[in-house]
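What follows is each chain in one-letter form.
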Amino acid sequence: MNTLRLAMFSAIVNAGSISKAATSLGMDKSVLSRQLAKLEDELGARLIQRSTRRLTLTEIGELVFAEARSIDRAVSNIEQLTEQHQSEVQGRLRVTCPRPLGQRYLVPLLVEFTALHPKIEIALTVDDHMVDLIAEHIDVALRVAHLEDSTLVARKLCDNPRVIVASPAYLARRGAPHSPTDLLTHDCLHYSSGARVFDEWHFTKDDISTPVRVTSKIQINDGMALAAAAVAGGGVTLLDRLLVAHELADGSLVQLLADYQLRPGQPVYAVYPARPWLALKTATFVTFLQERLFI
């Protein structure tokens, strides 16, 4: 059996189509299709049911894919083992993170990291969805979440407090709220995505909790866009401080009700697949993030 064809089969399943897998592998689609056909001939079984819309694994295909992933993990572990014994940080480092963290914080640090380690090459994927680190061959991911996946190693980078903010122009026009209930008479901006509506804001002071259900003419499913709406004078909003730290520093947004505690956002972690060996490039990069990010 040609194990390279097994790896190609695994890539096809992960990509969801032969054409996408061919692009990621740098191959012609027809070549990859022929390699899949040869693998099926070697095994004497159809692995994938092809249709014009999607690929579906057969029953034997599911079993072969599970074993193929084991081979992928073994190859990845071997790569990590050899990289662990390098004396210099080098090679290709694959990183993924949510869009706001990438745009606001990570990209400048990647430039600095490559300057410190000239033999490193970084491939950054900015994606707001949680990707499968093993299937996508990701070395390090930044995640804003309470983590439960036991197949990942997590290193906490920072907590994630939230703040109430508005622009100076809005405050000049409408005045500043002095208590949470004052927000009931203000224009508010809140996060909304499908059935997820975050219009109830919780405040605590002197062990007394005050929930306030705000109303808004503008609801947005993106934190960066909410920040932009607040800077434009659209109203008061509740956001992770990480998203508006620059605006608070330059004065384009002002923190409100600072003497009240808010429910914290989800912490920020650097995560990577649990492996017997950790490559030098990965260990160095995670340490770099712990020392430099969000301090």
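Our subject is the structure listed above.
Residues numbered from 1 in each chain as written. Predicted model: local features only at pLDDT ≥ 70, side-chain atom pairs only at ≥ 80, totals over all residues. Heavy atoms only, no water.

Draft legend 1. Focus on the overall build of the chain. The helix and strand tally for the chain stands at nine helices and 16 strands. If you line up the chain on its principal axes, its C-alpha atoms span 75 × 50 × 35 Å. Looking at the chain as a whole, 40% of its 295 residues qualify as buried. Sequence separation of 24 or more characterises 74% of the internal contacts of the chain that already satisfy a separation of 6 or more. (Helix = DSSP H or I, 4+ residues; strand = E, 2+ residues; numbered from the N terminus. Buried < 20%, exposed > 50% of the residue type's maximum accessible area, 1.4 Å probe, protein only. Contact = heavy atoms within 4.5 Å.)

Draft legend 2. Spotlight on the packing of aromatic side chains. Taken as a whole and assessed by the stated rule, the structure comprises five aromatic pairs. Ring centres 6.3 Å apart and planes at 90° place the aromatic pair F9 and F65 in the edge-to-face group. On the criterion of sequence distance, the pair formed by F9 in helix α1 (residues 3-15) and F65 in helix α4 (residues 59-84) is long-range, its members being 56 residues apart. Relative to F285, the ring of F113 lies with its centre 5.0 Å away and its plane at 70°, an arrangement referred to as edge-to-face. In this pair, F113 sits in helix α5 (residues 99-116) while F285 sits in helix α9 (residues 280-292), placing the two residues 172 residues apart along the sequence. (Phe/Tyr/Trp six-rings, centres within 6.5 Å; stacked < 30°, edge-to-face > 60°.)

Draft legend 3. Molecular detail of α5. Over its 18 residues, α5 extends 24 Å from the first C-alpha to the last, a length consistent with the 26 Å expected when each residue adds 1.5 Å. At L106, α5 shows its maximal bend, which comes to roughly 55°, and the proline P108 appears one to four places after that position. What α5 keeps buried is the set P100, L101, G102, R104, Y105, L106, L109, L110 and F113. (Expected span 1.5 Å × (residues − 1). Bend = angle between axes of the 7 residues up to and from the residue.)

Draft legend 4. Unusual backbone geometry, seen in detail. Although it is not a glycine, D206 adopts a positive phi angle of roughly 55°. At D207, a residue that is not glycine, the phi angle is positive and equals roughly 65°. Counting through the fold element by element, D207 comes out in the loop between β10 (200-205) and β11 (208-213). Taking the relative accessible area as the measure of exposure, D207 reaches 80% and is therefore exposed.

Draft legend 5. Just the nonpolar core, in detail. Counting residues in hydrophobic clusters, the biggest one holds 24 residues, and the most contacted among them are L106, F113, L142, L157, F285, L289 and L293. Element by element, the count of residues in this core is highest for α5, at six residues. With sequence-adjacent residues up to four places away left out, F285 is seen in contact with L93, V95, L106, L110, F113 and V140. A11, A21, A22 and L36 belong to the second-largest nonpolar core, a separate cluster that totals 16 residues. (Core = buried A, V, L, I, M, F, W, Y, C linked by side-chain atoms within 4.5 Å.)

Draft legend 6. Representation of the sheet that holds strand β4 (residues 120-126) in the model. Taking strand neighbours across the sheet as the criterion, the five strands line up as β4-β3-β5-β16-β6 in an open arrangement whose pairing is mixed. The sheet is open, and its two edges are formed by β4 and β6 (152-158), each paired on a single side. Sheet twist, expressed as the average angle between the axes of neighbouring strands with direction ignored, equals 25°. Where strand β3 (residues 91-97) and β4 come together, seven bridges link them in parallel fashion. Counterpart to V95 in the pairing with β4 is L124. (Pairing = 2+ DSSP bridges. Axes fitted to C-alpha atoms, helices over the stretch in contact; angles between N-to-C directions.)

Draft legend 7. Here's a closer look at the pattern of salt bridges. For the structure shown, the criterion picks out 14 salt bridges. Between E121 and R92 there is a salt bridge, with the nearest N and O atoms lying 2.4 Å from each other. Remark: R92 occurs in strand β3 and E121 occurs in strand β4; sequence separation between them is 29 residues. For E121, a relative accessible area of 45% corresponds to the partly exposed category. (Salt bridge = Lys/Arg side-chain N within 4 Å of Asp/Glu carboxyl O.)

Draft legend 8. View of the packing of helix α2 (residues 18-25) against helix α3 (residues 29-43). Two elements in contact, α2 and α3, have axes separated by 9 Å at closest approach and are oriented at 110°. Classed by the angle they form, the pair α2 and α3 counts as roughly perpendicular. Only K29, L32, S33 and L36 of α3 make contact with α2, whose side of the interface consists of I18, S19, A21, A22 and L25. The residue makeup of the contact of α2 with α3, split by class, is six nonpolar, two polar and one charged. (Parallel < 35°, antiparallel > 145°, perpendicular 65-115°, else oblique. Nonpolar A, V, L, I, M, F, W, Y, C, P; charged D, E, K, R; others polar.)

Draft legend 9. Representation of the side chain of H202. With respect to the element layout, H202 can be found in strand β10. At 2.9 Å, the side chain of H202 and the side chain of E200 are in polar contact. Engagement of the side chain of H202 in a polar contact is seen with the side chain of R263, the distance being 3.4 Å. Dropping the residues within four chain positions of it, H202 is found in contact with T210, P211, Q261, L262 and R263. (Polar contact = N/O pair within 3.5 Å; in protein donor to acceptor, adjacent residues only side chain to side chain.)

Draft legend 10. Molecular detail of the packing of α5 against α9. Viewed as axis vectors pointing N to C, α5 and α9 meet at an angle of 130°, and their least axial separation amounts to 11 Å. Taken together, the axes of α5 and α9 lie oblique to each other. When you trace α5 past α9, the crossing you get is right-handed. Taken together, the residues of α9 that come into contact with α5 (itself represented by L106, L109, L110, E112, F113 and L116) are K281, T284, F285, F288, L289 and R292. Here the residues of the contact of α5 with α9 are counted per class, giving eight nonpolar, one polar and three charged. (Left-handed = near helix turned anticlockwise from the far one by under 90°.)

Shape descriptors only; they carry no functional weight alone.
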